[in-house]
Amino acid sequence: MESRRRVLFVCTANSARSLMAEAILKDMAGDQFEVASAGTGPTQPHPMALQCIKEAGLDSAGARSKSTASVGDQHWDYVITLCDKAARECHPIASVGQVIAWDFPDPVPKNRHSTFALVMKELKERISLFVMVHQKVGHRPIHYPPAGVFKALGDENRLATMLLIQQHEELCVCELTEALELSQPRISRYLAHLREQALVQDERRGQWIYYRLHPALPDWVLTTLRAAVDENAAFLEPMIDRLATMPNRPAKTDCV
């Protein structure tokens, strides 16, 4: 039997969002993922978070707050941060396949059941999409609704990321950071969004993670991307120039 991939949810206090996310994924796809949660500054489980977990019919037994340092020496296939603060402060993890940055509001300051319930609902929707994209289902076709594709590409930086990857076949985060002149966390967020929409696929080779267009992309998406590259040379030229002159650019041979 194939081993389950390991997912770590991280927020600040590990008292609400990450505990709820842990319970949701365990219930939704516990046969595919081994799930845990931690916090950059752990406190204790919030009663309303535990209440929402129980009201959803999920298991809250054994829920406790713990630090990222306590799990940092383990391998995690996915580390999913649930707020920008956690993304900035996350304790270094010894071995990580992918880092995914989400941003959900902290329900604790308002201390209202309705606020916790709303975050729980939004987490369930996002995690459902995560499972759909990352589940091991062989070659099951992926549906690409046009509205969803064009919404994902409606952000200029996400669009530029897709066009650069389309033109170069594959790029790593550091190359995209150089080409777009943006910070690594921002590029990682753009890539996480594109990956969640099954528009790109990543592969770790050595110390680098490379991104390619998703192999399931239908012809109409590929045709659109190729046409956008062909008709927008002036838009892409500065980025391509920065990439071509990038110092210490990782060579493909560094990744084997």
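Cut-off values and rules
- Residues numbered from 1 in each chain as written.
- Predicted model: local features only at pLDDT ≥ 70, side-chain atom pairs only at ≥ 80, totals over all residues.
- Heavy atoms only, no water.
- Helix = DSSP H or I, 4+ residues; strand = E, 2+ residues; numbered from the N terminus.
- Buried < 20%, exposed > 50% of the residue type's maximum accessible area, 1.4 Å probe, protein only.
- Axes fitted to C-alpha atoms, helices over the stretch in contact; angles between N-to-C directions.
- Parallel < 35°, antiparallel > 145°, perpendicular 65-115°, else oblique.
- Contact = heavy atoms within 4.5 Å.
- Nonpolar A, V, L, I, M, F, W, Y, C, P; charged D, E, K, R; others polar.
- Pairing = 2+ DSSP bridges.
- Phe/Tyr/Trp six-rings, centres within 6.5 Å; stacked < 30°, edge-to-face > 60°.
- Lys NZ or Arg CZ within 6 Å of the ring centre and 35° of its normal.
- Core = buried A, V, L, I, M, F, W, Y, C linked by side-chain atoms within 4.5 Å.

Some remarks on unusual backbone geometry
- Phi is positive for Asn14, close to 50 degrees, though the residue is something other than glycine.
- With respect to the element layout, Asn14 can be found in the loop between strand S1 (5-11) and helix H1 (17-29).
- Although it is not a glycine, Glu169 sits at a positive phi angle of roughly 75 degrees.
- Along the polypeptide, Glu169 turns up in the loop between helix H6 (156-168) and strand S5 (171-172).
- What makes Glu169 exposed here is its relative accessible area of 54%.

What to know about the packing of H6 against helix H8 (residues 184-196)
- Look at H6 against H8: their axes get within 10 Å of each other, and the N-to-C directions meet at 75 degrees. One finds that H6 runs roughly perpendicular with respect to H8. In this structure, H6 contributes Asn157, Arg158, Thr161, Met162 and Ile165 to the contact, and H8 contributes Arg186, Tyr190, Leu191, His193 and Leu194.
- Taken together, the residues of the contact of H6 with H8 sort by class into 5 nonpolar, 3 polar and 2 charged.

Side note on the sheet that holds strand S3 (residues 75-81)
- Across the sheet, which stays open at both edges, the 4 strands sit in the order S2-S1-S3-S4 with parallel pairing between neighbours. Either end of the sheet is taken by a strand with one partner, and the two such strands are strand S2 (33-39) and strand S4 (95-101). Pairs of neighbouring strands in the sheet enclose a mean axial angle of 25 degrees, with direction left out of account.
- Direction of pairing for S1 relative to S2: parallel, over a ladder of 7 bridges. Across the sheet, the residue bridging to Val7 is Val35, located in S2.
- Across the face of the sheet, H1 comes into contact with S1 and S2 while running at roughly 175 degrees to S2.

Structural notes on the packing of aromatic side chains
- Following the criterion strictly, the structure yields 7 aromatic pairs and no others.
- Ring geometry for Tyr78 and Phe130: centres 5.2 Å apart, planes at 85 degrees, overall edge-to-face. On the criterion of sequence distance, the pair formed by Tyr78 in strand S3 and Phe130 in helix H4 (residues 113-134) is long-range, its members being 52 residues apart.
- Taken together, a centroid distance of 6.4 Å and an interplanar angle of 80 degrees make the contact between Trp102 and Phe130 edge-to-face. Of this pair, Trp102 sits in the loop between S4 and H4 while Phe130 sits in helix H4, placing them 28 residues apart in sequence.
- Among the aromatic residues, those joined into a cluster by ring pairs are Phe9, Phe33, Tyr78, Trp102, Phe104 and Phe130.
- Between Arg6 and the ring centre of Trp76, over which it is positioned, the NZ or CZ distance is 4.0 Å.
- For the cation-ring pair, Arg126 lies above Trp102, with the distance from its terminal atom to the ring centre recorded as 5.2 Å.

Notes on the nonpolar core
- Counting 34 residues, the largest nonpolar core has Met162, Leu164, Ile165, Leu176, Leu180, Ile187 and Leu199 as the members making the most contacts within it.
- Of all the secondary structure elements, the ones that give two or more residues to this core are helix H5 (146-152), H6, helix H7 (173-180), H8, strand S7 (208-213), helix H9 (219-231) and helix H10 (233-244).
- Counting residues in hydrophobic clusters, the runner-up holds 31 residues, among them Ala21, Ala49, Ile100 and Phe116.

Let's talk about the packing of H6 against H9
- Taken N-terminus to C-terminus, the directions of H6 and H9 make an angle of 90 degrees; their axes are 10 Å apart at the nearest point. In this view, H6 runs roughly perpendicular relative to H9, as classed from their interaxial angle. Contacts between H6 and H9 involve Met162, Leu163, Gln166 and Gln167 from the former and Leu225, Arg226, Ala228 and Val229 from the latter.

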